[in-house]
Amino acid sequence: MDSPLYRYVIANSTDFRLLEREYAGRTSFFGSEPPLSQAIGYLVVLGFGAAFSIFTTLIVHIEKISTKKRINSEMFNTAGRTVKTGLTASVIVSQWTWAATLLQSSNVAWQYGVSGPFWYASGKAIQVILFGLLAVSLKKVAPSAHTVCEIVNARWGRTAHKTFLIFAFLANIIVTSMLLLGGAATVEALTGMNRKLASFLIPWGVILYTAAGGLKATFIASYVHTVIIFAVLITMITMVYIEKYSSDQIYDYLETVAALTREECEAIYSFGNGTTFYQEDTYACGPVPNNNSGSYLTMLSADGLMFGIINIVGNFGTVFVDQSYWQSAIAAKPTSASRGYLLGGICWFAIPFSLATSLGLTSTALMLPITSGEAGAGLVPPAVATHLLGNTGSVLILTMLFMAIVSTGSAESIAVSSLVAYDIYREYMNPDATGDQILKVSRYVIVIFGLVIGAFSVGLDELGLNLGWIFLFMGIVIGSAVIPLWNMMTWKKASGTGAVISAWSGLVLAVITWLVACSIQSGSITIDNLGKNEPMLAGNLVAILSSGLIHFVYSRWRPQAFSFDDLDKRIRLVENDLSGLSEEDKDPKILDSSYRWIKTRGLAVTIVLLVIWPLASIPARTFSRGYFKFWVFVAITWGFLSAAIITILPLWESSTELLQLTRCFLISEGGVHKRSSGANTDDSGDEEDADLNIQSLHYCALKHHEKSDISSGI
């Protein structure tokens, strides 16, 4: 092979010469010795988990002492219902940043080019933003609720309660399984640690602080996790587009890769003796199928759009059916719920969009020997980071990934424990359960769930199901529960019987459609064939659309005569603790104002992300150099601004409480120091100083209690 294009690439690109020299004969990126030792893997999996457990448990303990508040079942599962906008946004970003957010987003960039990161980010941001509507609705009609299934039971009865309890558990299991599958695969690739063992050990990183401090400890840890994730994100963006390369260089490389012929790809991916190991579906080389002009630099991608639709449908299920998002809404103050979800969705958009636009596109631009199997397992970001920064890059990605895993994992653990404690234990086993009993059950469930889900993820791995496969499949399983739950909160005529029928019918129809579409397209039903875009798209669409249609028709035929004014009266508090909600928080006018605020802005952002932005990119067809430069500028700017907002806003909102706590600490230290230095002075003076110090501390604790918990802001 001796084409002018290939000669130009080899002669003029340092990176392509590096590819020939450093990766010559490599059939995969991680096929040889892992870049890090197993000791690093154990240190991250066990050490980070232990460190965060100590940190968050200590913070919760300090607040418990300073505010004189005991952690009861209400506080454990609702965080006092006082969380502010900044922390709500930070928690949403943290919960929504799965392993898939960091790994799968770069996989679709590797597959489809610039459309992949966009459709991943926009297709997952809108659900959180729109959920803000339900969050405010919950504050209006069911402020006493602990779980979404409690609301189902209060409105539709036990049959519907059992149905949606199953779907809620499925959502928690699917999300946590994806965390462990992606995390374990990355830990194994980077450190050589056995992925099955990693699947068992990773959950222990969250069990201790989640079981000890409950939702509040989870929120505090989530803030720290989110700050670290954004710090690594900014580092990677800077390395790709500022330090190592420029948008013009990445543009040239992507244009070159897409123009390579099969013969040129075979020559690049070959052994020293000239024997090629290139396979068209294994490496990112040559034109992209079903993309405009075969380019990576276009939004006109049929497969990218197909992925986007699957992504949108599937992730409605993992937000609207996942108890962890309802729990965050329950924990937030009403005005914080609307603003927090909108801000969280907008800031979260930067993580997959900016990260995959840098690491995902760079993986293809540099033609690293990443296989489709490695990409499907989520190994594109660690491969690029390792190539750019060596062991430092591997450690940064491993740290970033672990932050995402433990953050979402802790939220899922609390969600499952709340469902078991309130919707199984109290509802069916012990209706007169005390707060202490609820608290004990919640903690037991967190430990048990952490152990069981590790074994479940190992089982999925044994079946050959990776992160990418589960990600596409999730909408088929839980998508049929989305519209009935939306109707439950927004439509007074929505039928409970219709909700049950539509949820189960939608699931059955989705599975049938998925299997039939696979058989028609591929001729046989296998794991690989079922994981293709077309059958997954068909199953996902049927799940959500058929369920919505069935519920609408049934509810019109046999509507429920229901008044939302009665809903909260049917929900029982355990310890009658709504102290976090002021009269202002219960004011119907303020709640209506918050609902209108999130409705107009949430719908506007949704239209921009799903309609205006994609349509505005169509005239560009294949991006010009200038257009791509602007695209990268948007990704970089969005990433930096989001990092600043998520880091600073929670601290700013809690500045008064932080200063008060610091002042109290200094008063305490000053009193102790004064008494120590004056040990030989008059005893009456010592007693007077001690009394003054005790009174000052009592005043500080009282004032701090009167304001708000420090961890409500951070």
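Quick notes on the rules
- Residues numbered from 1 in each chain as written.
- Predicted model: local features only at pLDDT ≥ 70, side-chain atom pairs only at ≥ 80, totals over all residues.
- Heavy atoms only, no water.
- Salt bridge = Lys/Arg side-chain N within 4 Å of Asp/Glu carboxyl O.
- Buried < 20%, exposed > 50% of the residue type's maximum accessible area, 1.4 Å probe, protein only.
- Helix = DSSP H or I, 4+ residues; strand = E, 2+ residues; numbered from the N terminus.
- Disulfide = S-S within 2.5 Å.
- Patch = residues over 30% accessible without salt bridge, like charges linked within 9 Å, V, L, I, M, F, W, Y side chains within 5 Å.
- Areas by Shrake-Rupley, 256 points an atom, 1.4 Å probe, with all protein chains shown as cover.

**A closer look at the pattern of salt bridges**
Working step 1: This model, assessed by the stated rule, comprises 12 salt bridges.
Working step 2: Note that glutamate 188 is salt-bridged to arginine 195, the shortest N-O span being 2.7 Å.
Working step 3: Owing to a relative accessible area of 26%, glutamate 188 belongs among the partly exposed residues under this scheme.
Working step 4: Its relative accessible area of 26% is what places arginine 195 among the partly exposed residues.
Working step 5: Residue lysine 196 is joined to aspartate 461 by a salt bridge in which the shortest nitrogen-to-oxygen separation is 3.9 Å. Taken together, the residues lysine 196 in helix 10 (residues 195–201) and aspartate 461 in helix 20 (residues 435–462) connect sequence positions 265 residues apart.

**A short note on the state of the cysteines**
Working step 1: Per the stated rule, a full pass over the model turns up one disulfide.
Working step 2: Sulfur-sulfur distance for the disulfide between cysteine 265 and cysteine 285 comes to 2.0 Å. One quick way to see it: the torsion about the S-S bond of cysteine 265 and cysteine 285 is about -95 degrees, and its sign makes the bridge left-handed. With cysteine 265 in helix 13 (residues 262–268) and cysteine 285 in the loop between helix 13 and helix 14 (302–320), this residue pair connects regions lying 20 residues apart in the sequence. By the burial criterion, cysteine 265 is buried, and cysteine 285 matches it.

**Brief notes about a nonpolar patch on the surface**
Working step 1: Among the surface-exposed residues, Ile607, Val608, Val611, Ile612, Leu615 and Ile618 lie close enough to one another that they form a single nonpolar patch of about 490 Å² accessible area.
Working step 2: Considering the arrangement of structural elements, one finds isoleucine 612 in helix 26 (residues 588–617).

**Focus on unusual backbone geometry**
Working step 1: A positive phi is found at serine 293, a non-glycine position, where the angle reads about 60 degrees.
Working step 2: Within the fold, serine 293 resides in the loop between helix 13 and helix 14.
Working step 3: For serine 293, a relative accessible area of 66% translates into the label exposed.
Working step 4: Phi is positive for methionine 367, which is not a glycine, with a value near 55 degrees.
Working step 5: Position of methionine 367 among the secondary structure elements: in the loop between helix 16 (334–365) and helix 17 (372–376).

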